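Survey of secondary and tertiary structure
Okay, here's what each chain looks like letter by letter:
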Amino acid sequence: MGLPEKRRRMHKVPENIREQSIQLFNPTIVSLGPYHHGKPELSRVESFKNDCLDSCTGGHVPRRTELYNVILQHIVEIKSCYADEVETFAKFADDKAVALMMLLDTCFIINFMANSLFWPGPNAQLEQININIPDNNDNRVANNTEDWIDFFGLTTSIQSVSTDIFLLENQVPFLAIRLLMDLLYDPETRTQLLERFIGWVISVDQNTRLKIPRAGQEAPIHLLEAFWRVLAIQISRKKKIAQIQSPLSSLAYSTGAPYQSVSNLKAEGVKIYKTDSPCLWDIKFRPGFILGRLYIPCRQVSYMSPIVFSNLIAYETSPSTRTENVVLCYVNMMKSLIQTPEDVKILQTKGVLLNKFADDEQAVQSFKEINTCGFPRFDTFRDIRQGIEKHCQKKRKKWLSILYYKWIAGFFFLLLAAVRTYFTVFPP
């Protein structure tokens, strides 16, 4: 399999960005891929990765060997996905050690995706998403939910592992995931599992299936990019498609005023509506004669939000990524819209925000904690911002006009009343 001449690579988070908020970029539970492999504080999960491999193979040795061999056969291409390849893999004895690490980490991810969707049900729930369960255990991915609970605990197993899987530096190449899933599932089931996992992460609904868009002919380089594409690339519309081949269109800095808060916009006659699409390009503003309408996709806000959004932004700003800064611009917009707990309440009422915190103030703080990497406000949503500004200016002018004419009318009414009173008292 030949390599393209200009290939995107997987990078570490730049040090100047990492230093701003290191806790947003380092794994706390599990290491995936080479960057954090071997760290003592993450070593506890290494034994559980073997359990995940057994879950993927039914504990059958020939099946384990088959999965290992397919990774080893593609190890040169897998390693080439990482920037600074020599330095990145210097800690490993040889390619066989790299292949074993990739096998265990990829099986961990696949097993986590399956258990996330079926949580907390037994194996029988696999049938609910049409994953075939052959009678022969040698060829299935078992649902070992109880093992996950026993090892991680009921809360940690989903929440903390979820954040680690979406860290920029904690990725395995999407190629490795596809190679193993091709052996474990039929094509339709493989696609459905990936799309439903992404749908679950975005919508918190196990039944939501979100197609992962392609950018040109390139597949995602890792799972985080697949997640980014669902958020940032339109599938059905030709207008404003975030193309990986067109990185410069969003680099114009915003010179206008920032967005007003939701509460202020409400006072200015702007109503908030939820869009059905998860894509951030479907944020739009529709002016009206009296009321304007701002459409925003629904998002949940939780303790994961600062971590996931910060890593998506770090991905957008990584070398050789060649994407538009859609998530960065969305986060900057939401930071302006959400200033107080009252803003959170309004967005919740409109179905735009699903607050997983105990109170609304925590949701406000969650958006403030998202690391925008020190970049200025890019103007990807320039048309939306300008449309809101024009609407508010016209509305102010309209009310000033109304007040002006009411004042003039009132003045002449009072003048006429005074004249009539005068001639009544002092007839000519």
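Preceding block: the structure.
Here's a quick rundown of the structure.

1. Considering unusual backbone geometry
- At Asp 84, a residue that is not glycine, the phi angle is positive and equals roughly 50°.
- Relative to the elements of secondary structure, Asp 84 occurs in the loop between α4 (75-79) and α5 (85-88).

2. Some thoughts on the sheet that holds strand β3 (residues 292-297)
- Spatially, the three strands line up as an open sheet ordered β1-β3-β2, and their pairing is mixed. Lying at the two open borders of the sheet, with one neighbouring strand each, are β1 (270-275) and β2 (284-286). Looking at each pair of strands side by side, their axes are set apart by 25° on average, direction ignored.
- The pairing of β1 with β3 spans six bridges and is classified as parallel. Its bridge partner lying in β3, Lys 271 is registered against Arg 293.

3. A closer look at the nonpolar core
- Counting 119 residues, the largest nonpolar core has Phe 108, Leu 294 and Tyr 330 as its most contacted members.
- Ranked by the residues each element gives to this core, the list is headed by helix α6 (residues 95-118), at 14 residues.
- Residues contacting Phe 108, with those up to four places away along its chain left out, are Val 30, Leu 32, Val 45, Phe 48, Lys 49, Cys 52, Trp 148, Phe 152 and Val 161.

4. Considerations on helix α14 (residues 326-337)
- Here α14 contains 12 residues, and its C-alpha end-to-end distance of 16 Å stays within 8% of the 16 Å for a straight helix at 1.5 Å per residue.
- Of all 12 residues making up α14, 11 are buried, and the element is well covered by its neighbours.
- Of the positions making up α14, those classed as buried are Val 326, Val 327, Leu 328, Cys 329, Tyr 330, Val 331, Asn 332, Met 333, Met 334, Ser 336 and Leu 337.

5. Here's the deal with helix α7 (residues 145-152)
- Taken residue by residue, α7 has Thr 145, Trp 148, Phe 151 and Phe 152 as its buried positions. Projected onto a plane normal to the axis of α7, the buried residues spread over an arc of 135° and lie on a single side. Exposed residues pointing more than 90 degrees away from the buried face of α7 are listed as Glu 146 and Asp 150.
- Residue Gly 153 follows α7 closely and has a positive phi angle near 95°.

6. Focus: the pattern of salt bridges
- Scanning the entire structure with this criterion turns up 15 salt bridges.
- Its salt-bridge partner being Lys 79, residue Asp 95 comes within 2.7 Å of it at the nearest N-O pair. One end of the pair, Asp 95, is in helix α6; the other, Lys 79, is in helix α4, and 16 residues separate them in sequence.
- Judged by its relative accessible area of 29%, Asp 95 is partly exposed.
- Asp 182 serves as the salt-bridge partner of Arg 190, at 2.2 Å between the closest nitrogen and oxygen.
- On the accessibility criterion, Asp 182 (39% relative accessible area) is partly exposed.
- In the salt-bridge network here, residues are joined through shared partners; they are Arg 8, Glu 218, Glu 225 and Arg 229.

7. Section: the packing of aromatic side chains
- Scanning the model with the defined rule gives 19 aromatic pairs in all.
- Ring geometry for Phe 89 against Phe 92: centres 6.0 Å apart, planes inclined by 45°, an arrangement best described as tilted.
- Phe 92 sits in the buried class, given a relative accessible area of 11%.
- Measuring from ring centre to ring centre gives 6.2 Å for Phe 112 and Phe 197, while their planes differ by 80°; the resulting arrangement is edge-to-face. Placement of Phe 112 in helix α6 and of Phe 197 in helix α10 (residues 187-203) is noted, with a sequence separation of 85 residues between them.
- Owing to a relative accessible area of 1%, Phe 112 belongs among the buried residues under this scheme.
- Here a set of aromatic residues connected by ring pairs shows up, and it is made of Phe 48, Phe 108, Phe 112, Trp 148, Phe 151, Phe 152, Phe 166, Phe 197, Trp 200 and Phe 227.
- Between Arg 44 and the ring centre of Phe 151, over which it is positioned, the NZ or CZ distance is 4.2 Å.
- Here Lys 284 stacks its cationic end above the ring of Tyr 295, 5.1 Å away from the centre of that ring.

What counts as what
- Residues numbered from 1 in each chain as written.
- Predicted model: local features only at pLDDT ≥ 70, side-chain atom pairs only at ≥ 80, totals over all residues.
- Heavy atoms only, no water.
- Helix = DSSP H or I, 4+ residues; strand = E, 2+ residues; numbered from the N terminus.
- Pairing = 2+ DSSP bridges.
- Axes fitted to C-alpha atoms, helices over the stretch in contact; angles between N-to-C directions.
- Core = buried A, V, L, I, M, F, W, Y, C linked by side-chain atoms within 4.5 Å.
- Buried < 20%, exposed > 50% of the residue type's maximum accessible area, 1.4 Å probe, protein only.
- Contact = heavy atoms within 4.5 Å.
- Expected span 1.5 Å × (residues − 1).
- Arc of directions from axis to C-beta.
- Salt bridge = Lys/Arg side-chain N within 4 Å of Asp/Glu carboxyl O.
- Phe/Tyr/Trp six-rings, centres within 6.5 Å; stacked < 30°, edge-to-face > 60°.
- Lys NZ or Arg CZ within 6 Å of the ring centre and 35° of its normal.

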